[in-house]
Amino acid sequence: AQSVAQPEDQVNVAEGNPLTVKCTYSVSGNPYLFWYVQYPNRGLQFLLKYITGDNLVKGSYGFEAEFNKSQTSFHLKKPSALVSDSALYFCAVRDMRITSGTYKYIFGTGTRLKVLA
Amino acid sequence: DTEVTQTPKHLVMGMTNKKSLKCEQHMGHRAMYWYKQKAKKPPELMFVYSYEKLSINESVPSRFSPECPNSSLLNLHLHALQPEDSALYLCASSQTGAPNEKLFFGSGTQLSVL
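From a predicted model like this one, the values you see are computed outputs, not experimental measurements.

Draft legend 1. Just the packing of aromatic side chains, in detail. In the structure shown here, the tally under the stated rule is 15 aromatic pairs over all chains. With centroids separated by 5.8 Å and ring planes inclined at 15°, the aromatic side chains of A:Tyr25 and A:Phe67 adopt a geometry described as stacked. Highlighted residues: A:Tyr25 in strand β4 (residues 24-26) and A:Phe67 in strand β8 (residues 64-68), separated in sequence by 42 residues. Taken together, the aromatic side chains of A:Phe34, A:Tyr36, A:Phe46, A:Phe90, A:Tyr105, A:Phe107, B:Tyr33, B:Tyr35 and B:Phe105 make up a single cluster linked through ring pairs. Sitting over the face of the ring of A:Tyr32, A:Arg94 holds its NZ or CZ atom 3.7 Å from the ring centroid. A cation over an aromatic ring shows up here: A:Arg94 above the ring of A:Tyr103, its NZ or CZ 3.5 Å from the ring centre.

Draft legend 2. View of the nonpolar core. Residue and element names in this part refer to chain A. Among the nonpolar cores identified, the biggest contains 26 residues, and Trp35, Leu47, Leu48, Phe74, Leu76 and Tyr89 are the most heavily contacted of them. Tallying contributions element by element places strand β10 (residues 87-99) first for this core, with four residues. Residues in contact with Tyr89, not counting those within four places in the same chain, are Gln6, Trp35, Tyr36, Val37, Leu47, Phe63, Leu76, Gly110, Thr111 and Leu113.

Draft legend 3. View of the environment of A:Leu47. With respect to the element layout, A:Leu47 can be found in strand β6 (residues 44-50). Measuring from C-alpha to C-alpha, the distance between A:Leu47 and A:Thr111 comes to 14 Å, with 64 residues separating the pair along the chain.

Draft legend 4. Spatial organisation of the pairing of β6(A). Residue and element names in this part refer to chain A. β6 sits mainly inside the fold: six of its seven residues count as buried. Pairing geometry for strand β5 (residues 33-38) and β6, over six bridges, is antiparallel. Note that in β6 the partner of Leu33 across the bridge is Tyr50.

Rules used in this analysis
Residues numbered from 1 in each chain as written. Chains lettered and ligands numbered in written order. Predicted model: local features only at pLDDT ≥ 70, side-chain atom pairs only at ≥ 80, totals over all residues. Heavy atoms only, no water. Phe/Tyr/Trp six-rings, centres within 6.5 Å; stacked < 30°, edge-to-face > 60°. Helix = DSSP H or I, 4+ residues; strand = E, 2+ residues; numbered from the N terminus. Lys NZ or Arg CZ within 6 Å of the ring centre and 35° of its normal. Core = buried A, V, L, I, M, F, W, Y, C linked by side-chain atoms within 4.5 Å. Buried < 20%, exposed > 50% of the residue type's maximum accessible area, 1.4 Å probe, protein only. Contact = heavy atoms within 4.5 Å. Pairing = 2+ DSSP bridges.

Here's what the structure looks like:
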């Protein structure tokens, strides 16, 4: 079965500094990887995904992620963190096919990002 | 309209009550999902509907009963819940077979079982 791991429960970064939130994956076949963000008392919001193509994927709110096949990683990055980026971040991987075009997704345990002013 | 709307936002119920959660989307998505999320934990898949048919039930207790009356609506009927069922219940939808693959989530229903 596919899986993702987020090794850090929490990441603290000063406002204006670059941030990285780590994710590693384990899949059979080609990986379909996603990042979602969750603000307090809200649902998850899609940030970006990797299906194929360029290893550097650009997404919403200035976030990007780097796919590294040899290290089986898909780390989320942002060049300059904002206090408003403070939230819970989930890495996810596409798992089994349910029906034509419908899939199951596996989420990592989440990383709380805290950006300090 | 790119929203998934869930009602109610908050729900408090006793263990003998019957209540329902509602989810609605008008994006034409034919896959709809129910997830359960405990505080500071990842969402756990409960049910998946594809083209209004139940495709996955992740061994969810029968006190949770999903229903998909049409392609825009998804309900979760609750009966005789336990305090450990208290959680945030999230609905999500996605296009099927789309290159723009991603899940759209509602804001959830925060459920407390007393």
